[in-house]
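Letter by letter, the chains look like this.
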Amino acid sequence: IDVDFNDFFRMSNVRSTSNNGKGIRLHRTRFFNLTDTDGGSNSGNGIEITGNLTNTTTNGVLFNCECDSNSGNGIQITDTGGGGVKDINVIDCRTISNSLDGIDATQDVLATNTRMAFIGCQSGSNGVKGFDMNIGGVVMDACNATSNTDDGFEMSQIQYRITGCYSSANAGFEWDF
């Protein structure tokens, strides 16, 4: 499912599985909500959110989504150019047994105004990291990373607020700042 240049988009109770590529991709989309959505067993990422400075993706919510057994990342959020992806809330989502990271948020340039929140998310048994946060301005609350092949949580930018998160039985560092 490819959503490109769409405002006020809502999708609930949808499965996008076993695709030869990404399960769900959101690009240049504002004011969106994905609820009870499954992006699993795809040959790419389960859910992918992208944007750049001229094509922004903003004001979105992923709620109770599941991304498992993908050949890529479970959830991939990519901001190329800085300021292109912001105000995204990922709430009660699960990423299990993906070949790469459970949740990967990447930003090409240093920006601290992304205003992203990850609340109550679980990431386990992934092929690399549980949470790979290479993006600034992130709040993480009550998230769990367990039994990942590399780090549980890796934070490589600035301005994080982390409360009540748990990391256990990961092969790399539990917490890597």
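Here the structure is shown first, and the text comes after it.
A quick note: this is a predicted structure, and the numbers were derived from the prediction, not measured.

Caption draft 1: Spotlight on the overall build of the chain. For the chain, the helix and strand inventory stands at zero helices and 18 strands. A compact globule built from 177 residues would reach a C-alpha radius of gyration of about 16 Å, and the chain, at 14 Å, matches this within 12%. Over its C-alpha atoms, taken along the principal directions, the chain stretches across nearly 40 × 35 × 25 Å. Of all 177 residues assigned to the chain, the portion counted as buried reaches 50%. Sequence-distant contacts in the chain: of pairs separated by 6 or more residues, those separated by 24 or more amount to 55%. Accessible area of the chain: about 7,200 Å², with a carbon and sulfur share of 47%.

Caption draft 2: Structural detail: the sheet that holds strand β14 (residues 144-146). With parallel pairing, the five strands of this open sheet are ordered in space as β5-β8-β11-β14-β17. Of all strands in the sheet, those with a lone pairing partner are β5 (66-68) and β17 (166-168), marking the two edges. The mean angle between the axes of side-by-side strands here comes to 5 degrees, regardless of whether they run parallel or antiparallel. Relative to β17, β14 is paired through three bridges, and the arrangement is parallel. Directly across from Asn144, in β17, lies its bridge partner Tyr166.

Caption draft 3: Geometry of unusual backbone geometry. Even without being glycine, Ser97 reaches a positive phi, approximately 55 degrees. Among the structural elements, Ser97 can be located in the loop between β8 (94-96) and β9 (103-107). The class for Ser97 is partly exposed, based on a relative accessible area of 35%. Not every positive phi belongs to a glycine, and Ala169 is a case in point at roughly 60 degrees.

Caption draft 4: Here's a closer look at the environment of Phe9. Within the element layout of this structure, Phe9 appears in strand β1 (residues 2-12). Along the backbone, Phe9 and Phe118 are 109 residues apart, and their C-alpha atoms lie at a distance of 20 Å. If sequence neighbours within four positions are ignored, Phe9 has contacts with Val3, Leu26, Thr29, Arg30, Phe31, Phe32, Asn33 and Leu34.

The rules behind these values
- Residues numbered from 1 in each chain as written.
- Predicted model: local features only at pLDDT ≥ 70, side-chain atom pairs only at ≥ 80, totals over all residues.
- Heavy atoms only, no water.
- Helix = DSSP H or I, 4+ residues; strand = E, 2+ residues; numbered from the N terminus.
- Rg over C-alpha atoms; globule rule 2.2 N^0.38 Å.
- Buried < 20%, exposed > 50% of the residue type's maximum accessible area, 1.4 Å probe, protein only.
- Contact = heavy atoms within 4.5 Å.
- Areas by Shrake-Rupley, 256 points an atom, 1.4 Å probe, with all protein chains shown as cover.
- Pairing = 2+ DSSP bridges.
- Axes fitted to C-alpha atoms, helices over the stretch in contact; angles between N-to-C directions.

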